[in-house]
Structure formats: structure tokens, C-alpha cells
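Okay, here's what each chain looks like letter by letter:
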Amino acid sequence: MTHEIAVIPGDGIGQEVTPAAVDVLESLEIDFEFVEADAGDAVKEETGEALPQETYDLAASADATLFGAAGETAADVILPLRTAVDSFVNIRPAKSYPGIDAVRPETDLVFLRENTEGVYSGIEDRLTQDVSTLTRVVTESASERLAEFACDYVSGDEHDGFTIAHKANVMRETDGLFRDTIKSVADENGVETDEVLMDAFATRVCLDPEQFDVVVCPNLAGDVLSDLAAGLVGGLGLLPSANVGPERGLFEPVHGTAPDIAGEGVANPAATIISAAMLLEYLGYDEESEAVHAAVEDTLENGPRTPDLGGDASTEDVTEAIIERL
Ligand SMILES: NC(=O)C1=CN([C@@H]2O[C@H](COP(=O)(O)OP(=O)(O)OC[C@H]3O[C@@H](n4cnc5c(N)ncnc54)[C@H](O)[C@@H]3O)[C@@H](O)[C@H]2O)C=CC1
Ligand SMILES: CC(C)CC(=O)C(=O)O
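Just so it is clear, the structure is predicted and the values come from calculations on it, not from any experiment.

Analysis parameters
- Residue positions within a chain follow its written sequence, with the count starting from 1.
- Following the order in which they are written, the chains are lettered starting with A and the ligands numbered starting with 1.
- Only residues with pLDDT of at least 70 get local features here, since the model is predicted, and only at 80 or more are side-chain atom pairs given and counted; chain-wide, interface and lining totals rely on the full set of residues.
- Hydrogens are left out, water is left out, and the side-chain values use all remaining heavy atoms of the structure.
- What pLDDT conveys is the predictor's confidence in a given residue, as a value from 0 to 100.
- Nearness is judged by heavy atoms alone; a residue qualifies as near a molecule or strand once a single heavy atom is within 4 Å of it.
- Two N or O atoms form a polar contact when they lie within 3.5 Å of each other; inside protein one atom must be a possible hydrogen donor and the other a possible acceptor, and for residues adjacent in sequence the pair counts only when both atoms belong to side chains.
- Only the protein chains shown count as covering a residue, and every accessible area follows the Shrake-Rupley method with a 1.4 Å probe.
- Any residue outside Ala, Val, Leu, Ile, Met, Phe, Trp, Tyr, Cys, Pro, Asp, Glu, Lys and Arg is labelled polar, Gly included; the first ten of those are nonpolar and the last four are charged.
- Domain delimitation in this document rests on an assignment produced automatically or drawn from a domain database.
- Here a residue-residue contact requires only that any non-hydrogen atoms of the pair lie within 4.5 Å.
- Buried area: the sum, over both parts, of the accessible surface (1.4 Å probe) that disappears when the two are put together.
- A run of H or I in DSSP becomes a helix once it reaches four residues, and a run of E becomes a strand once it reaches two; helices and strands are each numbered from the N terminus.

Glancing now at the confidence of the model for the protein chain. In the predicted model, the protein chain carries a mean pLDDT of 97, and the fraction of residues at 70 or more is 100%. Across the interfaces of the predicted complex, the ipTM metric reaches 0.98, alongside a pTM of 0.97.

Among the 21 residues in the neighbourhood of ligand 1, the closest are listed as Ala70, Gly256, Ala258, Asp260 and Asn268. In this structure, asparagine 268 approaches ligand 1 through a main-chain N or O atom, which is 2.9 Å from a nitrogen atom. Isolated, ligand 1 exposes 810 Å² of accessible area, and the fraction of that covered by the protein chains is 69%. Residues that form the shell around ligand 1 fall into these classes: 11 nonpolar, 6 polar and 4 charged.

Time to look at the domain arrangement of the protein chain. According to the domain assignment, the protein chain consists of domain 1 (1-96 + 236-325) and domain 2 (103-232). Centre-to-centre, using C-alpha coordinates, domain 1 lies 24 Å away from domain 2. On the domain 2 side, the residues contacting the 19 residues of domain 1 number 24 residues. At the boundary of domain 1 with domain 2, total buried surface from both sides reaches about 1700 Å², with 55% on carbon and sulfur atoms. Three residues, Phe88, Arg92 and Ala94, lead the burial of domain 1 against domain 2; their summed loss comes to 37% of the area buried on that side.

The environment of ligand 2 is made up of Ala74, Ala75, Ile78, Arg82, Arg92, Arg113, Tyr120 and Asp223. One of the side-chain N or O atoms of arginine 92 is found 2.8 Å from an oxygen atom in ligand 2. Arginine 113 places a side-chain nitrogen or oxygen 2.8 Å from an oxygen atom of ligand 2. Protein contact buries 74% of the 280 Å² of open area that ligand 2 shows by itself. If one sorts the elements of the shell around ligand 2 by residue count, helix α4 (residues 74-84) sits on top with 4 residues. Each of domain 1 (1-96 + 236-325) and domain 2 (103-232) contributes no fewer than three residues to the shell around ligand 2.

Here's what the structure looks like:
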């Protein structure tokens, strides 16, 4: 069966790391049909639209989407694309790798980030010159859907329940509803949970990441805390993500367009290639997914490495090394 994969490189290093991940997927003998589409700052400059309707429609109908990054228009691109695939959870693993210089080499975390609401709902107003407001939306139904996914995710021997990170001591109604709903679904499913205030989490995870495993968070907290975890493991070039919906998924590195290195051919492709491994797993290619993870891990450990990891290799060198190992 052919799977249609939408490929949306976007801007900056998205144009470098996305083709690298497609090369890796193409090197596997899987019947994928890749369809490329535009989104981001460059297409907005040309056409006036950051997310052309045909790109949205492609993501909404493809079996899976591989996305790179968008620049200033990121919110106008990635948020609707996440909606296009009905992805209610953003899975963000943050782990350190042997051979990589990391602040906390013992880190092995997975963030399950609520992906549809919170402060990302886009309800913002400028009431007067002096006053602007933002409405934060939290629903029981979205929290339940995330909790059910989290319960499923931790079933099996690998995990002992999950941690809920929130700020319900201040945002009593919104984070209170989030925390209470998730806890109640977990209790019904016999899944163990603990909870932590997200500010305390930020300190504790830096001091001792091993006390955490799977962390369920509201949307913005998941974004910020996973970037923080990137700092513990060696940088944003290592953090992949999967936006998962019931029928489709969108896979993207956590990083942005990296304007400081864009165009130099030295962006670390690991985050996007690991995102492609998550895409393979989502579509049921478990063996191929494991092989890609293993090839990336071996390359990270033994080189070549891009400059962000202390090496002097190019994006292309690293991609070729991963493909050779495959
Ligand atoms: N999902 C998306 O499309 C996102 C887009 N952005 C956009 O990207 C632009 C730049 O944002 P920044 O805050 O600078 O974040 P960024 O993630 O683009 O870069 C932060 C730092 O990490 C480094 N970095 C990131 N990815 C790397 C990689 N693969 N290899 C080596 N080094 C890497 C960059 O060189 C930079 O020093 C902004 O316009 C922002 O709106 C930011 C985050 C996510
Ligand atoms: C620029 C944002 C819309 C992208 C981002 O950082 C995220 O939500 O993952």
C-alpha cells in the first residue's frame, strides 16, 4: 500500500534538514509517495499567504506530514497544520545520547503536550493603547483525550505512570480543570500519577532529571519545558516531535529556522531524522523506525557531527553517514 507523505520544508534550516530526512526515508524500501508543498515566510512574501490552502489540504489528506520550520509566520503555519491533522497531543522525547556532551547526560524524558488549546487558542485582544488581553481555553474534553492517550502511552513495563506539570495554584479554573481531569482519567484506568508545579519542575529537572519520566503538560508549558530539556541534552538539534491525531500525524523538529546558521549547510539533521523515525512508527513500520533510531544514535556517538555538537561536519555528511549505517 502506498502512503502519501506531505513534505513541507518551510524556511531557513527547514530547507536543509527536511530534505535530509526525506533522503533517509527514501533509502528505506517503503512505498512512500512524497508530495512537497510550500509554507512560511518566503511563500508569504511571494503570494501574501503563509499557509496556502493547497498546503493545508495536502496535510489534511496525506497519511503523514513531515514539516521543517517556519520563521516569523510560524504561528500562522504550524498551528493550523496541527489542526489540519487533528493532532491533540505533541509527543516530545528529550533524551541524551552516548558520546554527546550534555549538561545532564542521564536525561530521558518524554513530554506529552496538549496540542489544541491553552494560550495557543489565539484569542487575543488589544483593548486600548494600554491594555491587551489573552483568553486561555482549557476544556474537559481535550484534557480527557490527552489523558487517555497518556494512559495508553505508559501502559506496559517501560513506564510507571506519569507526572502532571501544571500551575493550578494560580490558574485555578484552567489548570485546575486540566489537572483534575487528567488525574481522574488516570485513576479510572489504574495509572499512577504524581503532580508538580511547572516552575518547580523547571528547577527539579535541571538538578535531577532522573526523577521524571513521562510528563503531561498544558500547551505552552510543554513548549517551554521541552526546550529547556533540549538544553540539558545537547541542544535543539536533537529534539524531535510527533503531533499525533486519530488518523494522521505531523512530524517536525522542535527547533525553528535557526537564522544564525541557515544557508551554511551545517544544521544538525538529527531532530528531523528522528521525527521521521517517529513517522515510521506511527505508520506501523516499527522495524524501520528502530533501524533509523539506531543509525542516528550510532552516528551521534561515533560521528560525524555538526558544529552544534562540537564537530565540523555538514548536514549532508551526517545524513550520508546515517544512510550508510542503515
Ligand atoms: N516550529 C517552528 O516552525 C518554529 C519556528 N520558530 C521560528 O524560528 C525563528 C528562529 O527562532 P529561534 O528562537 O532563534 O529558535 P531556533 O530553534 O530557530 O534556534 C535557536 C538556537 O538553536 C540553534 N539550532 C536550532 N536548530 C538547530 C539545528 N538543527 N542544528 C543546529 N543548531 C540549531 C540555532 O542555531 C539557534 O542558535 C523565529 O522566526 C521563530 O518564529 C521557532 C520555533 C519553532
Ligand atoms: C512558533 C510556534 C507556533 C511554534 C512553537 O514553538 C511550538 O508551538 O512548538
